[in-house]
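As a plain string of letters, each chain reads:
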Amino acid sequence: MTGSRPRNSQNQESEAPPSPSDKRRARTILKKLREVHSDARCSLSHDNAFQLIVATLLSAQCTDARVNKVTPALFKKYRTPGALGRAVPEDLEGIIYSTGFYKAKARNLIGLGRKLEEEFGGKVPETMENLLSLPGVARKTANVVLGVSFAKAEGVVVDTHVKRIAKRLGFTRHEAPQKIEKDLMALFPKSTWIDLSHILIYHGRRLCGARKPMCDSCPVNKQCSGPG
Ligand code: SF4
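Values in this document were obtained by computation on a predicted structure and should not be read as measured data.

Criteria and thresholds
- Residues numbered from 1 in each chain as written.
- Predicted model: local features only at pLDDT ≥ 70, side-chain atom pairs only at ≥ 80, totals over all residues.
- Helix = DSSP H or I, 4+ residues; strand = E, 2+ residues; numbered from the N terminus.
- Buried ≥ 20, exposed ≤ 12 C-beta atoms within 10 Å, placed from the backbone.
- Contact = placed C-beta atoms within 7 Å.
- Core = buried A, V, L, I, M, F, W, Y, C linked by C-beta atoms within 7 Å.
- Domains from an automatic or database assignment.
- Nonpolar A, V, L, I, M, F, W, Y, C, P; charged D, E, K, R; others polar.
- Arc of directions from axis to C-beta.
- Axes fitted to C-alpha atoms, helices over the stretch in contact; angles between N-to-C directions.
- Left-handed = near helix turned anticlockwise from the far one by under 90°.

**Quick notes on the overall build of the chain**
For the chain, the helix and strand inventory stands at 11 helices and zero strands. When the helices and strands of the chain are read in sequence order from the N terminus, they spell out α-α-α-α-α-α-α-α-α-α-α. In the chain, which comprises 228 residues, the proportion classed as buried is 39%. Within the chain, counting contacts between residues at least 6 apart in sequence, those at least 24 apart form 62% of the total.

**As for the nonpolar core**
Ranked by internal contacts, the top residues of the largest apolar core, which has 58 residues, are Val 145, Leu 184 and Leu 196. Apart from residues no more than four positions distant in its own chain, Leu 196 is found in contact with Leu 30, Val 156, Leu 184 and Phe 188.

**What to know about the environment of Arg 34**
Structurally, Arg 34 can be placed in helix H1 (residues 20–36). Its 18 C-beta neighbours within 10 Å are what place Arg 34 among the partly exposed residues. In this structure, the C-alpha to C-alpha distance between Arg 34 and Ala 142, residues 108 residues apart in sequence, is 24 Å.

**Description of the domain arrangement of the chain**
Here the chain is partitioned into domain 1 (19–41 + 154–217) and domain 2 (49–150). The C-alpha-based centres of domain 1 and domain 2 are spaced at 26 Å. Taken together, the contact between domain 1 and domain 2 spans 10 residues of the former and seven residues of the latter. A per-element tally of the side of domain 1 that touches domain 2 places helix H10 (residues 177–187) first, with three residues. Broken down by class, the residue content of the side of domain 1 that touches domain 2 amounts to five nonpolar, two polar and three charged.

**Digging into helix H5 (residues 89–96)**
Leu 92, Ile 95 and Ile 96 are the residues of H5 that are buried. Down the axis of H5, the buried set is contained in an arc of 85°. They therefore lie on one face. Along H5, exposed side chains directed more than 90 degrees from the buried face belong to Glu 90 and Gly 94.

**A few points about the packing of H1 against helix H11 (residues 193–206)**
Closest axis-to-axis distance for the H1/H11 pair is 10 Å, and the angle between their directions is 65°. Seen from above, H1 lies across H11 with left-handed handedness. Residue-level inspection shows Leu 30, Leu 33 and Arg 34 of H1 in contact with H11, the latter providing Leu 196, Ile 199 and His 203. For the contact of H1 with H11, the residue count by class is four nonpolar, one polar and one charged.

**Quick word on unusual backbone geometry**
One non-glycine residue, Phe 101, adopts positive backbone phi at about 45°. Within the secondary structure, Phe 101 sits in the loop between H5 and helix H6 (102–119). Take Phe 101: there are 14 C-beta atoms within 10 Å of it, and that puts it in the partly exposed class. Its identity as a non-glycine residue notwithstanding, Ala 151 has a phi of 50°, on the positive side. In this fold, Ala 151 is placed in the loop between helix H8 (139–150) and helix H9 (160–168). Here Ala 151 falls in the exposed class, since 8 other C-beta atoms lie within 10 Å of it.

**Thoughts on the environment of Leu 196**
As for its position among the elements, Leu 196 is in helix H11. In sequence terms Leu 196 and Lys 103 are 93 residues apart; their C-alpha atoms lie 32 Å from each other.

**Observations regarding the environment of Gly 155**
Tracing the chain through its elements places Gly 155 in the loop between H8 and H9. C-beta crowding within 10 Å serves as the criterion here: with 22 such atoms nearby, Gly 155 is assigned to the buried category. With near-sequence residues (within four places) excluded, Gly 155 lies in contact with Arg 139, Asn 143, Glu 181, Met 185 and Trp 193.

Rendered as structure tokens:
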């Protein structure tokens, strides 16, 4: 790997907007990654926006594969926001136990169901502001729902894979998800924001793992300075 210098290494202290060459580099990397991960998409099983927001809340600190094992029983028992809002906490906890942090997740899911039922007519809202008003919903979950269910690019989903790869590829020097999201939004065209996170997530799962990135097989190893 040779790697051109990550843009933020030149501006450690300033928050200068990305230069045209930063943007060209980012587009080149995205194009190469898209070719390899052309099948990238949301991995959480769901049939509608309600199921997606529930699955995304459960995916905090948990793999999508694990969530997908839990949600069939969950969605069968609680088919609507109202039903979820009326859930007995212990019943819900028993179903979602294996996703971790089950008490907090159950509390948020019941609050989510109630609020959707009482304030949004049983529907998942389609705006960032309203989504962020829901229990347990932060920008990551809101961006997932807006992008996947409503095809609205309001921001970029920043999960653990996106965070790691954005840093390795020099798209950001930040640690905080909101700052990383801001850097990615400045660097990439809005039309790519939804796909971008899916592609980076797939890249993280397949090649650019946290412990053993497969740099020799990586399509962007010439643009990357490595795992650091
Ligand atoms: S796999 Fe290696 S070369 Fe590819 S993006 Fe990750 S750290 Fe960079």
